[in-house]
Amino acid sequence: MRRILSILALTSLLLGMSTVAWAIPLRYAEDRAPAIVNPLFTTTMSEARLDELVFDGLYTDDMELRSTPALVDTAEVAEDRMSTTLHLKPDVQWHDGEPFTADDVVFTIQAMQNPATASTEAGRVGWIKNAVKVDDHTVHLDFKRPEYAPEDKLHFKILPAHEFDSTTVKRSNAFRNKPVGTGPFQVVSFNDDNSITMQRNPNYFDPVKQDEIVMREVADKNYQAKLIIYQSIEALVRVLPRDLAALQADRKVEMYPYQTNSWWYIGFNNDGARLHDERVREALRDMVDVEALLKPIGTGEVVTGPFVPSSPFYNHDVPEQKVDIDKATSLLTAAGYYYDGRQWTKNGKPLTFRLAAPETLETAQDVVINLQAQFRKQGITVQPEFLGVAEWKQRVWRDHDFDLILSQWSFDRSEDIYEQFHSHGARNFVGYSNRKVDALLDEARNAVDPQKKKEALRQAHTLIAADVPMVFLWTLDSYAAMSVRVKQVVVHPFYFFTWAKDWYVY
Amino acid sequence: MSLRLVAHRLLVFAVTLMGAVGLVLLLLWLAPGDPIDLLPNGEELRPVLTQQWELDRPLPVRFVSYFGRALHGDLGTSLAYRPGTPVADVIAGPAMRSMVWLLTALVLTMVWGTWLAWASAGRPSWHRKLVQVASIAPVFLLAHVSVNGIDVLTLSLVDRGIIPRPGWFPLPSEPGVFRTALAIVLLAVGSGALAEVRAEAENALVKIRGSGYIAAARARGERLWPHVAHNLVGPLTTVASSRAAFFVGGLVILEKVLLLNGIGSILWQAAVMRDYPLALGITVVLASIVCLSRLLGDTVRLAFDPRLRAQVGR
């Protein structure tokens, strides 16, 4: 009898713990506080992470990173794959108590598509031709072209129609002061020190364990690691490589590795007079010791093309680039350059390149210095410049005023490299052009069959690597740091807080 | 105060304000990029936002348009730092905080400098040299050395178990008395502020002590400090109002280094993000502080010095 009572008591306690909200706040640091809490105008990752806590999408990721329903209950996709009918979860409430309905879904899509809104997220709904309310909890979407897995594209956050007068949403709308979502946490206050306090949504459709989350702005990255060691915060989204050792050694901190779809590269200005010559680009590539550049800044995997090795689109048959000074020498000589024992020259002018890097790219300075040294050893001068965000956009994106660039690309689940490598791509500022690659990228974008998409992109990987529009470097291992007091942590590699409703501070 | 002096000061105020705003607008315009560049799909949104944010207007038109609105109390709307929020709302709280820190630092400099001068006026003193050396250091250097020195010292004491972890360590992100106090002290000491006040006060004290009216007061058996204090106000007011601009500049640096959420750190962000209305709004506030401090300095000097009143009255 006593044993049965003990088991019953323990079971009750465990059940109670699973529903009790934990009153110790979970504080995390961001380099910069979100400028605006409105998913229509998200521009930074700190805003995207906060949106993950406050808002929901129609679908979200499960822990295998497959799409799983969030605000959707069930869905049917038409046989021709040109439309879908979404049945929404009933009894979902907004943070202000209003019911979530099909009107909100239709409103959100129309607001995002409205040119007058100037939404930064407009591209996420460009593939939707039409959104129609069937009834309060049913929405019908028509697509512009066949979609194999529309649920993968329905992760954008839904906004409350009742908070806005029309689908022309302005940044100045009062919503920015009191954002309303359906998410597991609701914004309670914007504080004087730029921190944002969020509390558990008591009406959320799933249990939420943590009572309070606080976003803290800590602009100095040097301080962020100190703050978690000395328990001023409980979570650090991304640990700088130089702080890894100190945090790994600290018993009060647990490290969570995660892989992102991002890779570093040294881009060439393919339209530039000297780098238009493929022999020069190949020679520069053959001089770069990628492993030696990677070692001082962290751990990761060398990449040979525009995907990360864990991606289904990565072509593992493309060999890793190795240093080959003899080959580089032959190539430069064939391109008309002369080596005088110290420096490569042509027509009496030394071979010199300007290398631009974004000043916001962590550890870029270390890479640039080492790269400069590697090239100097081979008789090539590199003049580095570190550019702010606005200057980067002006000089690199618009004016193409550079010879080399050191940067990284990050991709979401779609890993769509069209904009970077298609000759009409809006972000193809290295000026790469290959008609075969264009055709493959067009095929991949329009493919309904995932196998055909995979084949097309793997082929594109091979061709791009052979053309050497850039030197592909690596994908870095990323680590989040959490206080050991935070339990049940699973980190989303892109949005971080996707499964935060299960976390709690003990 | 004569109307002519007031009018002169107001004219200087207006010219200074227009000059400061014009210079900041020009610098931001010359700097590469604009706030649309910060948006991930900026190039697609450029046609709409260029028009909405009036970025297509020529610079002189933007300058005149800005002043026209500012005169009606409209400092515009933030474009990038807090999109859609009126500039006045963004800077109101931080401006008040910065003003408090600034005034506190100014008072501290005056009191501390005067006390040091009183202790050493006319006599050899070790702290004269110490203050001169410490005060030479630029504010950013003092901040960096202080913060890292405090961190290292406290860390070693905590690690050895000599002290428990103090609540303010390592200068955490939430607002705190310790960080604020440190900023005020560094502002008071740095960039020559304390040394200048001490030197000016010492010179004035030496003159005052050797003056005839002090000798007469001493002969009459009166207390000397009211006479000394009264005659010290003029020189101290002069140095205080001349230091206002330096204090404002120092505060911008300290707020960045010490992670204080004042108007200076927002100015930094606004410039980086090319948030023109916000940067201009802050410029208006800071330029007004400098000009008003000069006006206040003139008023105080006139109130305390009848000779100046007589001169101005002519």
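About the criteria used
- Residues numbered from 1 in each chain as written.
- Chains lettered and ligands numbered in written order.
- Predicted model: local features only at pLDDT ≥ 70, side-chain atom pairs only at ≥ 80, totals over all residues.
- Helix = DSSP H or I, 4+ residues; strand = E, 2+ residues; numbered from the N terminus.
- Buried ≥ 20, exposed ≤ 12 C-beta atoms within 10 Å, placed from the backbone.
- Contact = placed C-beta atoms within 7 Å.
- Axes fitted to C-alpha atoms, helices over the stretch in contact; angles between N-to-C directions.
- Parallel < 35°, antiparallel > 145°, perpendicular 65-115°, else oblique.
- Left-handed = near helix turned anticlockwise from the far one by under 90°.
- Nonpolar A, V, L, I, M, F, W, Y, C, P; charged D, E, K, R; others polar.
- Pairing = 2+ DSSP bridges.
- Expected span 1.5 Å × (residues − 1).
- Core = buried A, V, L, I, M, F, W, Y, C linked by C-beta atoms within 7 Å.

> Please clarify how the overall build of chain B should be interpreted in this entry.
Along its length, chain B carries 13 helices and zero strands. Among the 314 residues that make up chain B, the fraction classed as buried is 35%. When contacts within chain B are restricted to residue pairs at least 6 apart in sequence, long-range pairs at least 24 apart make up 76% of them.

> Teacher, can you tell me more about the packing of helix H8 (residues 193–209) of chain B against helix H10 (residues 225–257) of chain B here?
All names here are of chain B. Axis separation between H8 and H10 bottoms out at 10 Å; the angle between their running directions is 155 degrees. It follows that H8 is roughly antiparallel to H10 by the angle criterion. Both H8 and H10 take part in a crossing whose hand is right-handed. On H10, the residues that touch Ala193, Glu196, Val197, Glu200, Ala201, Ala204 and Ile208 of H8 are Val228, Asn231, Leu232, Pro235, Leu236, Val239, Arg243 and Phe246. Of the residues belonging to the contact of H8 with H10, the class tally is eleven nonpolar, one polar and three charged.

> Looking at this structure, I do not really get the sheet that holds strand S4 (residues 72–77) of chain A. What am I missing?
All names here are of chain A. Read across the open sheet, the four strands follow the order S4-S5-S7-S6; overall the sheet is antiparallel. Each having just a single partner strand, S4 and strand S6 (128–135) make up the two edges of the open sheet. Each neighbouring strand pair of the sheet contributes to a mean axis angle of 20 degrees, computed without reference to strand direction. With five bridges joining them, strand S5 (residues 83–88) and strand S7 (residues 138–143) adopt antiparallel strand pairing. Bridge pairing in S7 links serine 83 to aspartate 142.

> In this structure, what is going on with the interface of chain A and chain B? I would like to understand it.
As a measure of interface size, the accessible area lost when the parts come together is often cited. Tallying the contact residues gives 35 residues for chain A and 33 residues for chain B. Counting only elements with at least two residues in the side of chain A that touches chain B, the list comes to strand S10 (212–217), helix H4 (221–229) and helix H10 (389–398) of chain A. Taken together, the residues that form the side of chain A that touches chain B break down as 14 nonpolar, nine polar and twelve charged.

> Would you explain the packing of helix H4 (residues 87–120) of chain B against helix H12 (residues 276–304) of chain B in this entry?
When two helices pack together, their arrangement is given by the angle between the helix axes and the distance between those axes. All names here are of chain B. For the pair H4 and H12, the least separation of the axes is 10 Å and the interaxial angle reads 45 degrees. One element, H4, and the other, H12, form an angle in the oblique class. Handedness of the H4/H12 crossing: right-handed. Where H4 approaches H12, its residues Val87, Val90, Ile91 and Ala95 are matched on the opposing element by Pro277, Leu278, Gly281, Ile282 and Val285. Looking at the contact of H4 with H12 residue by residue, the classes come out as eight nonpolar, one polar and no charged.

> Can you help me understand the pairing of S4 of chain A in this one?
Working note: regular strand, side chains alternate between the two faces of the sheet. As judged from the five bridges shared by S4 of chain A and S5 of chain A, these two strands associate in the antiparallel manner. Note on S5 of chain A: the bridge partner recorded for valine 72 of chain A is leucine 88 of chain A.

> Please explain unusual backbone geometry as it appears in this structure.
Negative phi is the rule for most residues except glycine; trans is the rule for most peptide bonds. Residue and element names in this part refer to chain A. Its identity is not glycine, yet asparagine 194 carries a phi of approximately 70 degrees, on the positive side. Considering the arrangement of structural elements, one finds asparagine 194 in the loop between strand S8 (185–190) and strand S9 (196–200). With 22 C-beta atoms packed within 10 Å, asparagine 194 lands in the buried category. Phi angles above zero are rare outside glycine, and threonine 363 is one such case at about 65 degrees. Looking at the secondary structure, you find threonine 363 in the loop between strand S18 (352–358) and helix H9 (364–377).

> What is the right way to look at helix H13 (residues 450–467) of chain A in this model?
Three or four residues apart is the spacing at which side chains of an α-helix point the same way, because the helix has 3.6 residues per turn. Its 18 residues give H13 of chain A an end-to-end C-alpha distance of 26 Å, which sits within 8% of 26 Å, the value for a rise of 1.5 Å per residue. Turning to H13 of chain A, the residues buried within the fold contact helix H11 (418–421) and helix H12 (435–446) of chain A.

> Where do I start with the nonpolar core in this structure?
In a soluble, globular protein the nonpolar side chains are often hidden away together inside. The biggest cluster of nonpolar side chains holds 139 residues, and the ones touching the most others in it are Leu58 and Leu236 of chain A together with Leu186, Leu187, Leu254 and Ile282 of chain B. When near neighbours in sequence (up to four residues on either side) are disregarded, leucine 187 of chain B contacts Ala105, Val139, Phe247, Gly250, Leu251 and Leu254 of chain B.

> Any chance you could explain the sheet that holds strand S15 (residues 338–339) of chain A here in plain terms?
Strand pairs in the sheet, formed through backbone hydrogen bonds, run parallel or antiparallel to each other. Residues and elements named next belong to chain A. Taken in spatial order, the three strands of this open sheet run S15-S16-S17, and their pairing is antiparallel. Whereas interior strands pair on both sides, the edge strands pair on one side only; in this sheet they are S15 and strand S17 (349–350). As paired elements, S15 and strand S16 (residues 344–346) share two bridges and run antiparallel to each other. Its bridge partner lying in S16, tyrosine 338 is registered against threonine 345.

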